[in-house]
Amino acid sequence: MMTVPALLPAALLLLLPGTLSQTNDTVPFKVEVKNSIQSSRPLIFSTHTVCRGILLGGMKRLMDSNEKFKFTYTEDPNYGPFLESVNGLAGNATEQTYWELLVKTPKGKIIRPDIGIGCYIPSANETIILNFTKWENQ
């Protein structure tokens, strides 16, 4: 019976506002909006997340603070958030277009994460590239 009282203080810590879930540490990163189909000049924005925060949170923070950045997404019950449009430009299945998520590391390497905006945790000084592009049938 000693384990129940020992676990009670730990459980109470999880319920207190600001405990273990709030941090003042921020992770700065950039968001580059690129259109590979039209080869237009990319738009670059600065934003941040809290330490270990997800990309979606940083994108929402950016949208709330900068009227030149807007996006929409849908919530898939199996796969989570799916990026639909950026600044009014939406992917289209008929035209085989979509928003590709790429990440440019501080050392300049570009990677394609195997997770999306709802799971990706940006690192400091990365550039998140939202690239409007086409997929090819194989």
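First, a word on what this report is: a plain description of the structure on this page.

1. Topic: the packing of aromatic side chains
Part 1 of the reasoning: For the structure on display, the rule yields 5 aromatic pairs.
Part 2 of the reasoning: Relative to Phe132, the ring of Trp99 lies with its centre 5.1 Å away and its plane at 50°, an arrangement referred to as tilted. Within this pair, whereas Trp99 is found in strand β6 (residues 97-104), its partner Phe132 is found in strand β8 (residues 127-134), the two being separated by 33 residues in sequence. Just as Trp99 is buried, Phe132 falls in that class too.
Part 3 of the reasoning: Ring pairs connect the aromatic residues Phe45, Phe69, Phe71 and Tyr73, which therefore count as one cluster.

2. Concerning the environment of Asn35
Part 1 of the reasoning: For Asn35, the position within the fold is in strand β1 (residues 26-35).
Part 2 of the reasoning: You can call Asn35 buried: its relative accessible area is 10%.
Part 3 of the reasoning: C-alpha separation for the pair Asn35 and Thr133, spaced 98 residues apart in sequence, amounts to 6.7 Å.
Part 4 of the reasoning: Setting aside residues no more than four positions away along its own chain, Asn35 makes contact with Ser40, Leu89 and Phe132.
Part 5 of the reasoning: There is a polar contact of 3.0 Å between the side chain of Asn35 and the backbone nitrogen of Ile37.
Part 6 of the reasoning: Looking at Asn35, its side chain comes within polar contact range of the main-chain nitrogen of Gln38, at 3.0 Å.

3. Quick word on the pattern of salt bridges
Part 1 of the reasoning: If you walk through the whole model with that rule in mind, you get 1 salt bridge.
Part 2 of the reasoning: One salt bridge connects Arg112 with Glu100, and the closest N-O pair in it is separated by 2.5 Å. Linking Arg112 in the loop between β7 (110-111) and β8 with Glu100 in strand β6, this pair joins segments that are 12 residues apart in sequence.
Part 3 of the reasoning: For Glu100, a relative accessible area of 9% corresponds to the buried category.

4. Here's the deal with the sheet that holds β7
Part 1 of the reasoning: As summarised here, the arrangement of the 5 strands in space is β2-β1-β8-β6-β7, forming an open sheet in which the pairing is mixed. Of all strands in the sheet, those with a lone pairing partner are β2 (43-50) and β7, marking the two edges.
Part 2 of the reasoning: Across 6 bridges, the pairing between β1 and β8 is parallel. Residue pairing in the sheet places Lys34 in a bridge with Asn131 of β8.
Part 3 of the reasoning: Contacts from helix α2 (residues 55-65) reach β1, β2, β6 and β8, with the element oriented near 120° to β2.

5. With respect to the side chain of Asn131
Part 1 of the reasoning: By the element assignment, Asn131 lies in strand β8.
Part 2 of the reasoning: If we skip the residues at most four places from it in the chain, Asn131 touches Lys34, Ser36, Tyr98, Trp99, Glu100 and Leu102.

6. Here's the deal with the sheet that holds strand β5 (residues 89-90)
Part 1 of the reasoning: The 3 strands lie next to each other as β3-β4-β5, forming an open sheet whose pairing is antiparallel. A single partner strand is all that each edge strand has here, and the edge strands are β3 (71-76) and β5.
Part 2 of the reasoning: Pairing between strand β4 (residues 80-86) and β5: 2 bridges, direction antiparallel. Within β5, the position partnered with Val86 by the bridge is Leu89.
Part 3 of the reasoning: Along the sheet, α2 contacts β3 and β4; its crossing angle with β3, the most-contacted strand, is approximately 145°.

Conventions used here
Note on numbering: residues in each chain are counted from 1, in written sequence order. In keeping with the model being predicted, local features are shown solely for residues with a pLDDT of at least 70 and side-chain atom pairs are shown and tallied solely at 80 or more, while totals for entire chains, interfaces and linings include all residues. The basis for every side-chain value is the complete set of non-hydrogen atoms in the structure, without hydrogens or water. Pairing of aromatic rings covers Phe, Tyr and the six-membered ring of Trp, with a centre-to-centre limit of 6.5 Å; geometry is then stacked below 30 degrees between planes, edge-to-face above 60, and tilted otherwise. The helix count covers DSSP runs of H or I at least four residues long, the strand count covers runs of E at least two residues long, and both are numbered beginning at the N terminus. The cut-offs for exposure are 20% and 50% of the maximum accessible area for each residue type, with area from a 1.4 Å probe on protein chains only; residues under the lower value are buried, those over the upper are exposed, and the others partly exposed. Residues are treated as being in contact if the distance between any of their heavy atoms lies within 4.5 Å. Between N or O atoms, a polar contact is any pair within 3.5 Å; within protein, one atom must be a potential hydrogen donor and the other a potential acceptor, and residues adjacent in sequence are included only when both atoms are from side chains. Here, a salt bridge means any side-chain nitrogen of Lys or Arg that lies within 4 Å of a carboxyl oxygen of Asp or Glu. If DSSP finds at least two bridges between two strands, the strands pair. A fitted line through C-alpha atoms serves as each axis, taken over the contacting stretch for helices, and the angle formed by two N-to-C directions is quoted from 0 to 180°.

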